[in-house]
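Residues per chain are reported as follows:
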Amino acid sequence: MERMKNLLWLVTAIALTGCFDKDARIINYGIADNVITQTEDRDDLISGERHLIETWSIKSTTTQIPNKIGTEFGVAYRVNNKTQAATVDIEEVIIFPGDGLVNPSTGMRATADAEVIEIDPAVDQYFSYTLDYPWEAKPGTWIFQVKRDGEVLIEKSFMLSKFLSRLLHFWF
């Protein structure tokens, strides 16, 4: 009887978790296929630049990313607007694997790139990273986070792999 009671509580708790609004949700993720419309210089980012794109397009939904130059990967998400404000400030963070990345041109070292942006919560958002240079193609776990007021709303990990890159090169 006690076991049945505990099971009933567990089922009720699981059912109720779907009743509460999450602060954000991931819409899609993986290897992207975007057209860069503009590149702007950014001294605060490890690469020294930021690519601007018009639309978000996923070529492959996956967390396994080949560490091949030209590969772009990232997350599309939606933030719930509980305050009904026209805009919301969020922080997009990419945490690099291990001890981070070092840009050999500038000597800059970073364990993460982060940017606070003002978004319209009625519009789906996306952010990505493109491996433009060999020093960026660092194998390991890359973590994408979306934060609001310091709280992590969503998090998605990607694994960059030399093995996967070699396998894809062999097949294609």
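Scroll up to find the structure.
To start, this report covers the structure provided alongside it. Note that the structure is predicted; figures quoted are calculated from it, not measured. (Residues numbered from 1 in each chain as written. Predicted model: local features only at pLDDT ≥ 70, side-chain atom pairs only at ≥ 80, totals over all residues. Heavy atoms only, no water.)

**Details of the overall build of the chain**
Moving on, step 1. A tally of helices and strands in the chain yields two helices and 13 strands.
Moving on, step 2. Put simply, the chain has 172 residues, and 38% of those count as buried.
Moving on, step 3. Partitioning the contacts of the chain with sequence separation of at least 6, the portion at a separation of at least 24 is 70%.
Moving on, step 4. Roughly 10,700 Å² of accessible area belongs to the chain as shown, and the carbon and sulfur atoms make up 54% of that amount. (Helix = DSSP H or I, 4+ residues; strand = E, 2+ residues; numbered from the N terminus. Buried < 20%, exposed > 50% of the residue type's maximum accessible area, 1.4 Å probe, protein only. Contact = heavy atoms within 4.5 Å. Areas by Shrake-Rupley, 256 points an atom, 1.4 Å probe, with all protein chains shown as cover.)

**Looking at the sheet that holds strand 6 (residues 72–79)**
Moving on, step 1. Overall, antiparallel pairing links the four strands, which are arranged 4-1-6-11 in an open sheet. With partners counted over all chains shown, the strands left at the sheet margins are strand 4 (58–60) and strand 11 (125–130), one partner each. Averaged over all adjacent pairs, the angle separating strand axes in this sheet is 30°, with direction ignored. (Pairing = 2+ DSSP bridges. Axes fitted to C-alpha atoms, helices over the stretch in contact; angles between N-to-C directions.)

**Quick notes on the pairing of strand 6**
Moving on, step 1. For strand 6, the tally of buried residues reaches seven of eight residues, placing the bulk of the element in the interior.
Moving on, step 2. In this structure, strand 1 (residues 24–32) lies alongside strand 6, joined through eight bridges in antiparallel fashion. Its bridge partner being in strand 6, Ile31 is matched across the sheet by Phe73.
Moving on, step 3. Inspection of the sheet shows strand 6 paired to strand 11 by six bridges, in the antiparallel sense. Counterpart to Gly74 in the pairing with strand 11 is Ser128.

**So, the nonpolar core**
Moving on, step 1. Of all hydrophobic cores here, the largest spans 28 residues; its most connected members are Phe73, Tyr77, Ile90, Phe96, Tyr129, Trp142 and Phe144.
Moving on, step 2. Put simply, the parts of the chain that give this core at least two residues each are strand 1, strand 6, strand 7 (88–95), strand 10 (112–119), strand 11, strand 12 (140–148) and strand 13 (151–161).
Moving on, step 3. When sequence neighbours within four positions are dropped, the list of residues in contact with Phe144 reads Phe73, Gly74, Val75, Val93, Ile94, Phe127, Ser128, Tyr129, Ile154, Glu155, Lys156 and Phe158.
Moving on, step 4. In terms of nonpolar packing, the next biggest core, distinct from the first, is built from five residues, Ala32, Ile53, Trp56 and Ala76 among them. (Core = buried A, V, L, I, M, F, W, Y, C linked by side-chain atoms within 4.5 Å.)

**Topic: the pattern of salt bridges**
Moving on, step 1. One pass over the full model with this rule turns up eight salt bridges.
Moving on, step 2. Two residues, Asp99 and Arg109, come together in a salt bridge whose shortest N-O distance is 3.9 Å. Note that Asp99 is positioned in the loop between strand 7 and strand 8 (101–102) and Arg109 in strand 9 (residues 109–110), a separation of 10 residues in sequence.
Moving on, step 3. Of the residues examined, Arg109 reaches a relative accessible area of 53% and is grouped as exposed.
Moving on, step 4. What you see here is one network of salt bridges that share partners, running through Glu40, Arg42, Arg50 and Glu115. (Salt bridge = Lys/Arg side-chain N within 4 Å of Asp/Glu carboxyl O.)

**Quick word on the side chain of Asn103**
Moving on, step 1. Positionally, Asn103 belongs in the loop between strand 8 and strand 9.
Moving on, step 2. A polar contact of 2.8 Å, which involves the side chain of Asn103, links it to the backbone nitrogen of Ser105.
Moving on, step 3. Setting aside its immediate chain neighbours within four residues, Asn103 contacts Ile46, Ser47, Met108 and Trp135. (Polar contact = N/O pair within 3.5 Å; in protein donor to acceptor, adjacent residues only side chain to side chain.)

**A look at the environment of Thr141**
Moving on, step 1. Its location among the elements puts Thr141 in strand 12.
Moving on, step 2. As a C-alpha pair, Thr141 and Thr63 span 78 residues in sequence and 9.7 Å in three-dimensional space.

**Section: the layout of surface pockets**
Moving on, step 1. By volume, the largest pocket is sized at about 650 Å³.
Moving on, step 2. Listing elements by their share of the lining of the largest pocket, those giving two or more residues are strand 3 (49–53), strand 7, strand 10 and strand 11.
Moving on, step 3. Tallying contributions element by element places strand 11 first for the lining of the largest pocket, with six residues.
Moving on, step 4. Residue composition of the lining of the largest pocket, grouped by class: 10 nonpolar, five polar and eight charged. (1 Å grid on protein atoms, 1.4 Å probe; cavity = no way out; pocket = protein on both sides within 12 Å on 5 of 7 lines; lining within 4 Å. Points joined across faces, edges and corners; volume = space filled by probe spheres on them. Nonpolar A, V, L, I, M, F, W, Y, C, P; charged D, E, K, R; others polar.)

**Quick notes on the sheet that holds strand 13**
Moving on, step 1. The sheet built from five strands is open, its strands ordered 5-13-12-7-10 with mixed pairing. The sheet terminates laterally at strand 5 (64–66) and strand 10, the two strands that pair on one side only. Across the sheet, the mean angle from the axis of one strand to that of its neighbour is 25°, orientation sign disregarded.
Moving on, step 2. Inspection of the sheet shows strand 7 paired to strand 12 by five bridges, in the antiparallel sense. Across the sheet, Val93 pairs through a bridge with Gln145, a residue of strand 12.

Purely geometric numbers; function is a separate question.
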